[in-house]
Amino acid sequence: MSFEALGLSRPLTTALFEKGYQQPTPIQERSIPIILKKKDLMACAQTGTGKTASFTLPLLDLLKNNHQVGSKFPRALILAPTRELSAQIKESLLAYGKNLSLKTALVFGGVKINPQIAILREGVDILVATPGRLLDLFQQGAVTLNKVEILVLDEADRMLDMGFIRDIKKIISYLPSNRQNLLFSATFSNEIRQLGKSLLKNPLEVNVAPQVVTAKTVKHKIHPVDKAKKSQLLSYLIQSKNWYQALVFCKTKHGANNLVKKLSQDNIPALAIHGNKSQSARTKALEAFKQGKLQILVATDIAARGLDIEQLAQVVNYDLPSVPEDYVHRIGRTGRAGASGNAISLVCADEIKELLSIEKVIKQTIKREEVEGFEPKHNLPIAMPRNVQNSNSKPKFTPKSKTTLKPKVTQKPKGKKRVFSR
Ligand code: AMP
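Keep in mind it's a predicted model, so treat the numbers as computed, not measured.

The rules behind the values
- Residues numbered from 1 in each chain as written.
- Predicted model: local features only at pLDDT ≥ 70, side-chain atom pairs only at ≥ 80, totals over all residues.
- Heavy atoms only, no water.
- Near = heavy atom within 4 Å.
- Polar contact = N/O pair within 3.5 Å; in protein donor to acceptor, adjacent residues only side chain to side chain.
- Areas by Shrake-Rupley, 256 points an atom, 1.4 Å probe, with all protein chains shown as cover.
- Nonpolar A, V, L, I, M, F, W, Y, C, P; charged D, E, K, R; others polar.
- Domains from an automatic or database assignment.
- Buried < 20%, exposed > 50% of the residue type's maximum accessible area, 1.4 Å probe, protein only.
- Helix = DSSP H or I, 4+ residues; strand = E, 2+ residues; numbered from the N terminus.
- Pairing = 2+ DSSP bridges.
- Core = buried A, V, L, I, M, F, W, Y, C linked by side-chain atoms within 4.5 Å.
- Contact = heavy atoms within 4.5 Å.

**Things to note about the site of the ligand**
Here is step 1 of the chain: With respect to spatial proximity, 15 residues lie near the ligand, and among them Y21, Q28, G48, G50 and T52 are the closest.
Here is step 2 of the chain: In this structure, a nitrogen atom belonging to the ligand sits 2.8 Å away from a side-chain N or O atom of Q28.
Here is step 3 of the chain: One nitrogen or oxygen atom from the side chain of T52 is found 2.5 Å from an oxygen atom belonging to the ligand.
Here is step 4 of the chain: Relative to its free-state accessible area of 500 Å², the ligand is covered by the protein chains to the extent of 87%.
Here is step 5 of the chain: Classifying every residue of the shell around the ligand gives 4 nonpolar, 8 polar and 3 charged.
Here is step 6 of the chain: Taken together, domain 1 (4-207) and domain 2 (218-405) each give at least three residues to the shell around the ligand, which thus spans both.

Spelled out as structure tokens, the structure:
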């Protein structure tokens, strides 16, 4: 199937050709014709599947048809949960729409509002926004929303998780009722379905990926290690394997900052992005990483959500996420759009609950591989010991614990590593 066959017009297919896209991804193949027919859509797709283009391409095509030059008010509104994701959506609009004369603007919080007011005053066709800042701008009279023809909610599940639902509902109440609605989400939870019901008119549903699957192109494994040895192991892996770049996930902002300090002490250039960093620090770190000038980017889940970094070969879970689905989002940062990638998780005994929830959700046991010199003193059990099931107390595991199931060695230790599996 070609992009032309999906109904996209020449200015867009030319831009895609120049970008080197040869054929649509499954989400694009199924969503683009629906959107071009001006139907409402509810789409379930994880990042890395090409979902951004699946709505930006037809949206550009629809708007170009009756483009009034110098349009004062946004005719399309795209809401996204984070600044980084909204910035990437804008970049996609600019890249795919380079042969069109549509104007795109981006507004998000954490930066001065006045420059954004000035940009909106110049007129805009497509507005990409995070919900809070858009409401501020609306309440200050800087933007009019009654000309919006198309509304997109991107990563709607994350917007709900982040508590944006009230802002979103308010924004929707300012839009004209006669409009096209597109809702994209990584999962179709009950909450999302409810939001869809209240928002969409006879929507068509597209669900390209099962709710939680790990991208087939990503090889992922665990290195069991004691908590106290994690940063040493990470430095060792980066240096001994000559990782050109890696995206490293931490659970907390504090943990991310500490890890950057430790890596820097080992002469490994690293920067952190998380909610407490200023917007300019986050943009700077992300740009340096994208341009290959920064070796290690340490991120929390919210900051990393939706980051589109081309050809990222290595992702590291320094801590396992407490929300199992985030594991899939995290490792989805690598192996994007068909490229192959590696994801490793440094897992200590305390994280057994998180690990088992992840394995349950992804319906697979993740391969374990100890690294010589970093074998854990506190074993990482394969199954949850009985005494910690349904208990809120932190599990304490010792090598001799009777309740700890020892992993079965299925392969003789070869070279540096020992491979375990269930
Ligand atoms: P997304 O899921 O929107 O975050 O996109 C993931 C990555 O895939 C981005 O780097 C896109 O530029 C890239 N991409 C999107 N569509 C295609 C396509 N049809 N062919 C090749 N790469 C694509």
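**Concerning the pairing of strand β8 (residues 218-224)**
Along any regular strand the residues' side chains alternate between the sheet's two faces.
Here is step 1 of the chain: The buried fraction of β8 is high, at 5 of 7 residues.
Here is step 2 of the chain: Pairing of β8 with strand β13 (residues 341-347), which is carried by 7 bridges, proceeds in the parallel orientation. From the neighbouring strand, K221 faces β13, where its bridge partner is I344.

**Quick notes on the nonpolar core**
Here is step 1 of the chain: Residues L57, L59 and I78 are the most contacted members of the largest nonpolar core, which totals 37 residues.
Here is step 2 of the chain: Tallying contributions element by element places helix α3 (residues 51-65) first for this core, with 7 residues.
Here is step 3 of the chain: Residues in contact with L57, not counting those within four places in the same chain, are F3, L8, L12, L16, I32 and Y96.
Here is step 4 of the chain: In this structure, L127, L135, L137 and V143 belong to the second largest nonpolar core, which totals 35 residues.

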